[in-house]
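Residue-level structure breakdown
Next come the chains, spelled out residue by residue.
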Amino acid sequence: MARRPLPRILSTGSAQIARGRDLARTAADSATDVLHPLITMSRGLRRLAAAGRRKWADTPKDRRGPLLFLVASVVLVVALVPYGPLLAVITLMSAAAWHGRDRTPPAPAGPDEAQTKRLESLYEALVPYFSVPEDPAPLYAHGGEWEKAFPSYEFDDSGRVCHLSIHYPAYFTDGEPDARARIEQLLHAKSGRGREYRFEWDEEGNLLTVTVLPPLPTDVAAQRFVTAPGEIVLGLTDPAGVPRTLPLTFGEERRDVPPVVWRTGTRSTEPHLLVVGDPGSGTTTLLRSVVLQALQHGDVLIVEGGGTGEFACLGGRDGVLAVECGPAGALAGLEWAANETERRLIAANRARQAGHAPPEDTRRPLWIVLDRPTVLGHLSAAEGRVDPQSLLQVPLRHGRAAGVTVVVAEQFDALDSLSDAVRDHTRARVVLGPASTDRLEAVLGSPPRTTPAPDVPPGRGYARLGSGPVHRLQVPATPDPYDEATSETHRQAVLSLLPPHTAPTDAAPAAEPVPDPGDGAASGMASGGPVAAPVAVTAEG
Ligand SMILES: Nc1ncnc2c1ncn2[C@@H]1O[C@H](COP(=O)(O)OP(=O)(O)OP(=O)(O)O)[C@@H](O)[C@H]1O
């Protein structure tokens, strides 16, 4: 069958639209040129009127009468003098033209002397990397023109480069990570250490863009985030990295900030999280923040290997199944969680086969949160018990389908002791604290596009969800409210997020939960869940 030609409107439409747009732009430019004096004068009249209004407002009330009289007299005299009104109009228009002139100072023509020196020094430093002797017209040569190599640049108030575009020759091996790393290190050192840089390589355009990143805000306190069920805010990041923002309160202020949101649940592609850091980097704080968010819609079992009672504030609260601090309690709790995962799977499977919706008691999300499980593994081995991590296999492998999420925090030096199941199934990753690029790559699977900063506040690091990009991260301050060093503002912020204490089911009075550093007895337990939660853990201790 012969193909019918496109209607004319479709084939020539875009050309006509483009021509029309050009005509409109030319007409607008000409009109602006012709009307320029008028625009200037009307702007001047507006400014004069505003000045008059200000003067009138500033004049004390008792002097307004004489002032009005003076103005009226001047108007009368001008009106009576020959050619007075004409002269007055000419004077007024001249004054308006003078006041309405464009007063924006002309942009500086180029960099000043010190800035030029910096750019020259950067250019010279790049010459050995971006030139080869065979190049007949090298873009980079000693004593060459840096203006051609750096099409755009910006300086901060301290006179250091904060943005730079760099053209490089097409033969530079920008696809090789080592070659890139050499250039990035050099630029980092020459542009000023102690700041974080982002390097964007445009391989098609042979253009490298270097941007200095402002520090992420550290004044974000724990608070309720506006998120959907199953979404967990890990922290804040750069605006360029994520598609959405969250309205957050900073004391009295409210600001929209870009968050790193981790989606959990049955549709999540990264159903479990691993957090790694050095001591004091803020891993426990991140876990506390995750637990407070998880408790909004689910039940949480907490296993604390550090034994410092940093989750004591959560003991005995609604939704907190147990806070376990020792090997015996941890093993009992994790065994229960593994059985519960299997039970949920079987129940959901049976319901599916019968053509029913999954039963109600399999739908409430269950969270298993472990802080430093390798310590418990060590203690368990000493007592001749199994490693608690071995009980995580089922929740890690089948948790996604059963609504069970596992969160593990561990220190760098114990990473080797993490089980294969933990390493294979935790596809959401966070690294906190100062870490070299190699360490970051080892945990996140990809280096960040930014240079790691040498000094970072607690809670600062990087996050990567699955195979997505590496984001800079600042965790909201969620300290232990029972810690004496915690400020009153932060204590109140965390306390306000805690669920209410679980109503006692027997006559025993509700006691304030105290972590038991001894044999692993549960420090605070409650049956907040719809199924037989590890109350047995409590009884067995
Ligand atoms: N995001 C944060 N914002 C502000 N302060 C934080 C943040 N994260 C942690 N801190 C502070 O840093 C200190 C250490 O935090 P945290 O206990 O969470 O670290 P950690 O990595 O678990 O180390 P450790 O295992 O030694 O306890 C605490 O005083 C805590 O209040």
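Residues numbered from 1 in each chain as written. Predicted model: local features only at pLDDT ≥ 70, side-chain atom pairs only at ≥ 80, totals over all residues.

1. Observations regarding helix α12 (residues 437-444)
Along an α-helix, residues three or four positions apart point the same way, because every turn accommodates 3.6 residues. Looking only at α12, the buried set comprises L440, V443 and L444. Buried residues of α12 fall within an arc of 85 degrees about the axis and therefore sit on the same side. Buried residues along α12 sit against β9 (273-277), β14 (428-432), β15 (460-465) and β16 (470-474). G445 sits one or two residues past α12 and shows a positive phi near 85 degrees. (Buried ≥ 20, exposed ≤ 12 C-beta atoms within 10 Å, placed from the backbone. Helix = DSSP H or I, 4+ residues; strand = E, 2+ residues; numbered from the N terminus. Arc of directions from axis to C-beta. Contact = placed C-beta atoms within 7 Å.)

2. Comments concerning the pairing of β9
Within β9, five of the five residues are buried, which leaves it mostly tucked inside the rest of the structure. Neither face of β9 is open: one carries L273, V275 and G277, the other L274 and V276, and all of them are buried. One ladder, built from five bridges, connects β9 with strand β13 (residues 404-411); its direction is parallel. Bridge pairing in β13 links V275 to A409. Pairing geometry for β9 and β14, over five bridges, is parallel. In the strand pairing of β14, L274 is matched with R429. (Pairing = 2+ DSSP bridges.)

3. Focus on the site of the ligand
The environment of the ligand is formed by 14 residues, the closest being G282, T284, T285, P458 and G459. In terms of residue count, helix α7 (residues 283-294) provides more of the shell around the ligand than any other element does, three residues in total. Split by residue class, the shell around the ligand holds five nonpolar, nine polar and no charged. (Near = placed C-beta within 6 Å. Nonpolar A, V, L, I, M, F, W, Y, C, P; charged D, E, K, R; others polar.)

4. Examining the nonpolar core
V291, V300, I302 and V369 are the most contacted members of the largest nonpolar core, which has 76 residues in total. Per element, the largest residue contribution to this core is eight residues, and it comes from helix α8 (residues 327-353). Residues L126, I166, L208 and V210 belong to the second largest nonpolar core, which totals 18 residues. (Core = buried A, V, L, I, M, F, W, Y, C linked by C-beta atoms within 7 Å.)

5. Some words on the sheet that holds strand β1 (residues 153-155)
Strand order in this open sheet of four strands is β1-β2-β4-β3, and the pairing throughout is antiparallel. The sheet is open, and its two edges are formed by β1 and β3 (196-202), each paired on a single side. In this sheet, adjacent strand axes meet at a mean angle of 15 degrees when their direction is disregarded. Bridge count between β3 and strand β4 (residues 207-213): seven bridges; the pairing is antiparallel. Bridge pairing in β4 places W201 opposite L208. (Axes fitted to C-alpha atoms, helices over the stretch in contact; angles between N-to-C directions.)

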